Amino acid sequence: MLVDYPGPWTFLLGRLDAREIPLQNPILLWTFVLVSVGAVAVIGAVTYYGSWGYLWREWLTSLDHKRIGVMYCLLGVAMMFRGFIDGVMMRTQQLMAVGPKSPGYMGALHGYLPPYHFGQIYSAHGTIMILFAITPILVGIMNIIVPLQIGARDMAYPYLNAMSFWLTAAATGLVMISLFVGDFSHAGWVGLSPLTELAYSPGVGVDYWSWAVQIGGVGTTLASINIIATIIKMRAPGMSWTRMPIFCWTALSASVVGLSSFPVLTAAVALLSLDRYAGTHFFTPGLGGNLMLYTDLFWIWGHPEVYYVVLPAFGILSEIIPTFSEKPLFGYVTMAAASIAIGGVSWSVWLHHFFTMGAGPGVNAFFSIASMLVGIPTGVKVFNWAFTLYRGRVRFDVPMLWALGALVLLLTGGLTGMMLAMPAINYTVHNSVFVVAHFHNMLNVVGFACFGAINYWFPKVFGFRLDERTGKLAFWFFSAGTVVLFGSMYALGFMGMPRRMDYIPFTSWRPLLMGEEAGILLFLVASYYFVKQLFVSIRDRAKNRVTASDAWGTSRSLEWLTHSPVPFYNFAVQPHINSRDEWAWRREHGLGHVRPDRYEDIHLPDNTPLPVMLGACAFALGFGLVWRMYWLAASGLVGIVVLVIARSFQDGPGHTVPGARIRQMEASYAAAPGEVGAARDPVGGVAAWQTASAPRPRAGDGRPARP
Amino acid sequence: MALRKGRALGRLGAALLLFLTGCAQKAYWLVHPKGAIARTEWHTTVLDVAVMGGVVLVAGGLVAVFLWRYRVGNRSRTYDPTFTASLVIEILVWGVPLLVVGYLSYFSVKSVLATNPYDPLAMRGALARQGRNGEAFARRADPAMTSALAPAMRAPRPLRVEVITTDWQWVFIYPKEGIATVDELVVPVRTPVKFDLTSATVVNDFFIPELVGEIDVMPGMRTKQAMIAGRTGVYHGYSDDYSGGGFSWMGFSTRVVDHARFEKWVRRVRAARDQLSFARFSRIARPTINLAQRVSHFSEVQKGLFDHVIGRVMAGRVYRTPLAMTENMTKPMNVRMIK
Ligand code: HEM
Ligand SMILES: [Cu+2]
Ligand SMILES: [Cu+2]
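Quick caveat: nothing in here was measured; it's all calculated off a predicted structure. (Residues numbered from 1 in each chain as written. Chains lettered and ligands numbered in written order. Predicted model: local features only at pLDDT ≥ 70, side-chain atom pairs only at ≥ 80, totals over all residues. Heavy atoms only, no water.)

Chemist: For the coordination of the copper ion (ligand 2), give the residues involved together with the corresponding values.
Modeler: Residues and elements named next belong to chain A. For the copper ion (ligand 2), the full set of protein donor atoms is H125 (NE2) and H440 (NE2), at a range of 1.8 to 1.9 Å. One end of the pair, H125, is in helix α4 (residues 115-149); the other, H440, is in helix α13 (residues 433-462), and 315 residues separate them in sequence. An identical accessibility class is assigned to H125 and H440; each is buried. (Donors = N, O, S within 2.8 Å, 3.2 Å for Na, K, Ca; no water. Helix = DSSP H or I, 4+ residues; strand = E, 2+ residues; numbered from the N terminus. Buried < 20%, exposed > 50% of the residue type's maximum accessible area, 1.4 Å probe, protein only.)

Chemist: Pulling in residues and values, what's your account of the pattern of salt bridges?
Modeler: Summed over all chains, the structure comprises 25 salt bridges over all chains. Across the pair R276 of chain A and D207 of chain A runs a salt bridge, and its minimum N-O distance is 2.8 Å. In this pair, R276 of chain A sits in helix α7 (residues 246-278) while D207 of chain A sits in helix α6 (residues 205-233), placing the two residues 69 residues apart along the sequence. For the residue pair R276 of chain A and D207 of chain A, the accessibility class agrees, reading buried in each case. Close ionic contact of R539 of chain A with D540 of chain A constitutes a salt bridge, the shortest N to O distance being 3.1 Å. Here R539 of chain A falls in the exposed class, since its relative accessible area comes to 53%. Ionic contacts of the salt-bridge type, sharing partners, join the residues R160, E162, D196, R222 and D307 of chain B into one network. (Salt bridge = Lys/Arg side-chain N within 4 Å of Asp/Glu carboxyl O.)

Chemist: Can you tell me about the site of ligand 1, naming the residues and giving the values?
Modeler: Residue and element names in this part refer to chain A. Contacts to ligand 1 come from 21 residues, most closely from W189, N426, H430, H438 and R499. Within the side chain of W189, one N or O atom sits 2.9 Å away from an oxygen atom of ligand 1. Within the side chain of N426, an N or O atom sits 2.9 Å from an oxygen atom of ligand 1. Every element with two or more residues in the shell around ligand 1 is listed here: α8 (291-325), α11 (398-420) and α13. Among the elements that take part in the shell around ligand 1, α13 stands out by supplying six residues, more than any other. For the shell around ligand 1, a count of residues per class yields 13 nonpolar, seven polar and one charged. (Near = heavy atom within 4 Å. Polar contact = N/O pair within 3.5 Å; in protein donor to acceptor, adjacent residues only side chain to side chain. Nonpolar A, V, L, I, M, F, W, Y, C, P; charged D, E, K, R; others polar.)

Chemist: Help me get a handle on the coordination of the iron atom of ligand 1, residues and values and all.
Modeler: Residues and elements named next belong to chain A. No protein donor other than H438 (NE2) coordinates the iron atom of ligand 1, and that contact is at 2.2 Å. In this model, the iron atom of ligand 1 sits 4.5 Å from the copper ion (ligand 3). Inspection of the secondary structure puts H438 in helix α13.

Chemist: If you had to explain a nonpolar patch on the surface to someone new, which residues and values would you point to?
Modeler: Together, I21, L23, L29, W30, F32, V33 and V37 of chain A give the surface a local cluster of nonpolar side chains, amounting to about 630 Å² of exposed area. Relative to the helices and strands, L23 of chain A resides in the segment before α1 (26-48). (Patch = residues over 30% accessible without salt bridge, like charges linked within 9 Å, V, L, I, M, F, W, Y side chains within 5 Å. Areas by Shrake-Rupley, 256 points an atom, 1.4 Å probe, with all protein chains shown as cover.)

Chemist: Can you break down the side chain of D48 of chain B residue by residue, with the values?
Modeler: Residue placement: D48 of chain B occurs in helix α2 (residues 36-69). No salt bridge is formed by the buried D48 of chain B, whose closest oppositely charged neighbour, K110 of chain B, lies at an N-O distance of 14 Å. Ignoring sequence-local partners within four residues, the contact set of D48 of chain B consists of L415, M418, M419, M422 and I425 of chain A together with G53 and L104 of chain B. (Lys, Arg positive; Asp, Glu negative; His and termini not counted. Contact = heavy atoms within 4.5 Å.)

Chemist: So what's going on with the environment of A268 of chain A? Residues and values would help.
Modeler: All names here are of chain A. Relative to the assigned elements, A268 resides in helix α7. Separated by 27 residues in sequence, A268 and W241 have C-alpha atoms that sit 35 Å apart. Ignoring any residue separated from it by four or fewer positions in sequence, one finds A268 in contact with F283, Y294 and L297.

Chemist: Explain the packing of aromatic side chains to me, and be specific about the residues and the numbers.
Modeler: With the rule as written, the count across this model stands at 77 aromatic pairs over all chains. Seen from their ring centres, Y122 of chain A and Y242 of chain B are 5.4 Å apart, and the 85° between their planes marks the pair as edge-to-face. A residue pair is termed interchain when its members come from two chains, as with Y122 of chain A in helix α4 and Y242 of chain B in the loop between β9 (233-239) and β10 (251-257). Y122 of chain A gets classed as buried once you look at its relative accessible area, which sits at 9%. Arranged with centres 6.4 Å apart and planes meeting at 40°, the rings of W29 of chain B and Y238 of chain B form a pair that is tilted. Residue W29 of chain B is found in the loop between α1 (2-21) and α2, and its partner Y238 of chain B is found in strand β9; the two are separated by 209 residues along the sequence. When the ring centre of W59 of chain A is taken as reference, the NZ or CZ atom of R67 of chain A above it lies at 5.0 Å. (Phe/Tyr/Trp six-rings, centres within 6.5 Å; stacked < 30°, edge-to-face > 60°. Lys NZ or Arg CZ within 6 Å of the ring centre and 35° of its normal.)

Chemist: Describe the environment of V642 of chain A, naming the residues involved and giving the relevant values.
Modeler: Checked against the element boundaries, V642 of chain A lands in helix α18 (residues 630-649). A C-alpha to C-alpha distance of 9.5 Å links V642 of chain A and L614 of chain A, two positions 28 residues apart in sequence.

Chemist: An account of the interface of chain B and chain A is needed here, citing residue identities and associated values.
Modeler: In this assembly, 104 residues from chain B lie in contact with 109 residues from chain A. Taken together, chain B and chain A are joined by one salt bridge. Here R391 of chain A makes a salt bridge to D80 of chain B, at a shortest N to O gap of 3.8 Å. Run the count over chain B and chain A and you get 22 residue pairs in polar contact (both at pLDDT 80 or more). At the level of secondary structure, the elements contributing two or more residues to the side of chain B that touches chain A comprise α1, α2, α3 (87-115), β6 (204-208), β7 (212-217), β9, α7 (305-314) and α8 (323-327) of chain B. Within the side of chain B that touches chain A, the residues separate by chemical class into 63 nonpolar, 26 polar and 15 charged.

Chemist: Got a sec to walk through helix α10 (residues 361-389) of chain A? Specific residues and values, please.
Modeler: Residues and elements named next belong to chain A. In this model α10 runs 43 Å from its N-terminal to its C-terminal C-alpha over 29 residues, within 8% of the 42 Å that 1.5 Å per residue would give. For α10, the buried fraction is high: 22 of the 29 residues fall into the buried class. Immediately downstream of α10, the backbone of R391 shows phi near 60°, a positive value. (Expected span 1.5 Å × (residues − 1).)

Chemist: I'd love a proper account of the domain arrangement of chain A, names of residues and values included.
Modeler: The parts lose accessible area when they come together, and the size of an interface is often stated as this lost area. Residues and elements named next belong to chain A. We note that the domain assignment places domain 1 (51-608 + 650-693) and domain 2 (610-649) within chain A. For domain 1 and domain 2, the distance between their C-alpha centres works out to 27 Å. At the junction of the two partners, domain 1 supplies 24 residues and domain 2 supplies 18 residues. Approximately 2000 Å² of surface area, both sides summed, lies buried where domain 1 meets domain 2, with 72% of it carried by carbon and sulfur atoms. Taken together, the links from domain 1 to domain 2 amount to one salt bridge. R628 is paired through a salt bridge with D207; the nearest N and O atoms lie 3.8 Å apart. Taken together, the connections running from domain 1 to domain 2 amount to four residue pairs in polar contact (both at pLDDT 80 or more). Of all elements in the fold, only α2 (52-60), α5 (158-177), α6 and α7 reach the threshold of two or more residues within the side of domain 1 that touches domain 2. Here the side of domain 1 that touches domain 2 gets nine residues from one element, more than from any other, and that element is α5. (Domains from an automatic or database assignment. Buried area = accessible area lost by both parts, 1.4 Å probe.)

Right under this line is the structure:
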C-alpha cells in the first residue's frame, strides 16, 4: 500500500470486517432496527400493491423534469428529517453534559455521546443539511418550475437531469450507510484541515465524507449546467430576458455560481483524497504541505455554495409575495440585477470565513469590505419586497406566511452577517456558536422559502392544495422554534461558547442551553404538524382539489397557465409570451382559457434505466473506495464508463404524441374541469395522469425529427 | 379568567427572562471586556449593531406597516397594482445601503488596524493612555519630576510568551524567564503581552474572551497575538477550533496578577522539579486529555523549543490519533487521560 493506515486489509473486503458494524452501540442498533422495519414495511407495501413496475416505469427510469424534481424534493425532505434528528441529538448531548459533575451514560464521560460519536453527528448534520437536504430540495424546485416558467417541454438535457439526480441519490446513500457500516467523518462539514489527514482521522469516516461530497458535487455541477442551458436556450417565443420570471433569474444566477464553484470543491477534496490514498502531502502540516490551501479552496466553494442555496430562495420569495399581494413585483429590473450582483460578489468574499488565520490588516480589510458589499443587493431586495406589499391587497395564505417569516429572518441574519464581516468583531465570535446561529438563521431563510415553495407549487404538481390549518400550525411552531433556539444560541455567542463542544465546561452556559433545547422541542412539534399536513392533505385531497389552472387565483407567471396537475407534456401548444407576468396578463385580458385551434405533435424522450444504473455504479465506486475494496471500486468505475459509452450508441429516438391525442386529452380537461378521467385521483397528480394517458413507445416508432 | 392567565403567562415569561439573562449577567464575557483589545472589539460590535440595527428596524418597520395597512381586510386602503417602479425609491434603496456599507467599511478598516494581532494599535493606544495618566499622576505628586516615580511613566516592557498546542493541551513557554507551564497562563496586569503561537498537531484557536479575540494556532507555522489586560483576575481561555476528541477539555486558566505577584510566581515555577526538554515535550504532545486542567510547571526549558517544534512538524513529525479512539463509539476514549 502507498500509505500506512492502521488496521487490517483483505482483498475481498478491503478494510471492512464484522467489527465495523457498530452493533454494540445501542443508539445505532435501535436506529438500525427501526430503519430495517421501515424498509421492510415499504418494500412489503410496494410488493403487496404490485407497484414495482409502476415505480420503475414511471419514476425511477423517468426523464420527466417534474418527476425528477419531485424525487429530488422527496430525497431532500427525507434527509432533512435525518439531519433534524442529528440536531436533536446534539442539543440533548450538550444539555446533558454541562459541568464536571454531569453524569455519563453508555460509555460517555458526560452525557450519552462519546466525543467522536458527537463529532460524527455534527459533521453528518452539516453535510446532510447543506448538500443533501436543502440543495436537493432547491434543485428539485428549480427542476419543476424553471421549464414551466419559461414555457419549455422539459429541461435542455433530460437524460443529464436524471443522471444528476441519481448521482445525488448515490451520494446520499453513502452518507446514510455510514451510519451502519463503519463511521462518518468527525471533522465537520467543512473538512477541517489537517484533521482530515490520515494521521488524525485514521478511520474510514473522512473517506465516506469525501466520496459523498465528490459524487454529490458532480451531480450538482451537472444540474447547474442543465439549468443554465435550459434558461438560455429553451425560453418560449416572445420571452425576452426582461420578460423572464424573477425565479428564473435567480435560478440562472445560482446555477452560474454552482457551475463555477463546485469544481473547486471537487479539486480540493480530490487533493485531500490523494493525501489519504496516495500518500501525497498537499494539505499535511509537514513535508511541504499547506493546510491553509485547503481552507482557501474549500471556502472558495463554500461561500458561493451558501449563495447557491439562498439565491433560489430569494426567487421563491419574489414569486410568492407578488401573488399574495395581488401586485407585480416592485422593481423587477433591480431585482434581476441584484440577483446577478449577489452571485457576482459571492466569489470575492471567501476569506471572511477565516479572518483569524493571521492574514495582515490589508487582506482582512479587503475581504471585510467585499463581504459587506453583498449586503447592498440583499438590502435592495428586502426594500423591493416591502414596496411590493405597498398598495397591494395582502392575503396571509400559508405560502405567504413562510415567505414573510423568511423576510424577517433575512433581516436578523443580515445584521449578524454584517457583524461577522467586520474582522474586529469576527475575532471574538469566529468559530463560536454565534456563527452557528448566524448561518442557521440564514439557512432557515432558505428553509422557510422551501416550505413556502412546497405549499405554493404543490397544487401545480399534484392538483390539490395542502391543508391550511395544519400548515399554519407547522409555520408558527417552526417560527417559534427558530426564535427560541437561535435566539439562545446568539446569546451564548456573547458568552464566548465555541461550536462543536460535546462537553460543556461552564455551568453558566446551562440556562441558554435549556433555551436551545426548548427551541428544538418546538421544531419537533413543527415537524409533527408538517407530516400531519401532508397526511391530512392527501386524505382530504378531494376537498382541496384544484380544478382551475391557477391554484391561488392571483398568480402571475407562466406555470399557472397550464393545467393543475401539469400534464406530462407541460403545455399543449407552446405559449407565446406577451408580457413579463404572462399568466396575469392573459387573465387580465380575458385570455385565461382560450383553446388553441390547432394541436401539434409533441416529441418526448423515452424512459431509460441508464441513469439509475449509473447511480448504482457511482455508489459502488464510492463504497469500494471508502473501504479500499479496489475490485469493487474498479467495477463501479468500469460500469460507469460502459454505461456512458452505451448511452452514446443509443440514439434514443424518443416518442411522439400525435396532435390528435393531445386534443383528446385537452378536451377531457374542458368537458368537466373537476373530473378528468385518468386524473380523477390526483395523488401523485402527474403520476396517475401520465400513466393512464401516455402512449408507450413502440419498437417501430421510427425516428421523427425533434421539435 | 383570560386576564389571570395572561398575567400568569407574563410572570412566567419575566421569570424566564430573568433566569436566562439576569443570573448569568457576568457570563456574557464579550460584553464585559477586561482588556484593551477585547474592549475595542466590543465597541466595534456595539457600533455595528447600532448602525445595522437602524437599517433593519427601518426595513422591518416598512414591511410591518405595509402588511398592516394593505391587508386584505382593510377597506380604507388604496389598491394600486400599477405601482411597480419608482426612480426615487430605486435611488433610495440602492443609495441608503451603499452609504451604510460605506460608513461601516471605513469603520471596519479602522478597527482592523486597531485589533491587528501582529501590531494592535489599540494596545498602543491603551499604553499611551496609561502613560499619560501615569505622567499626570507623577506630575501631581512630584512637579519637578525628580523622584523614582518616573519609571512608571515608561511603557512597561512587553512580556513574551510562546504558545504551543498539542492534542489536547496548552504549553506556555516564557523564553525570557526560561520557564514553562502546561494549561496555565499567568501574566502581569497592564503590561503588553506578546504571543507567538504554533501547534504540534492540528489547528486550534487561541481565545480568552474577556481579554483578546481569536487567532489560529497552526502546525508548522507561527502566528502572533498581543494583548494587554486591564484588570487582575482569573479568566478562562480555551481552544475555539475543533481539534479532535479532547477538544472540549482544552481549556487553560489565565491569571492576571500585579507585578510583585508575577515575580513571585516566576520564582515558584523556577523551583519546580520538572524541566521541559525536547524529549519531554514529545511525551506531553502525545494525545492526552487533561480532564481537570491539571497544571504542570517546568523550571527550565531547552533553548529553541518553539522553533524546534515548528521545524519538526515541517519535517513531517506527527502525533497520530489512535484508530481505536476515533472508531470507538461505546467507550469514552482510550488515550491518556489526566484526571
Ligand atoms: C449579508 C450577507 C452575509 C454576510 C455579510 C455574511 C457573513 C458571514 C461571515 C463573515 C461568516 C464567517 C463567520 C466565521 O466563521 O467567523 C459567515 C458564515 C456563514 N454564513 Fe454568512 N453572511 C451573509 C449571508 C449568508 C447567507 C445568505 C447564508 C446562507 C444562506 C450564509 C451562510 C453562512 C454559513 C453556512 C456560514 C458558516 C459556515 C461554517 O463556518 O460552518 N450567510 N457569514
Ligand atoms: Cu444545523
Ligand atoms: Cu461566507
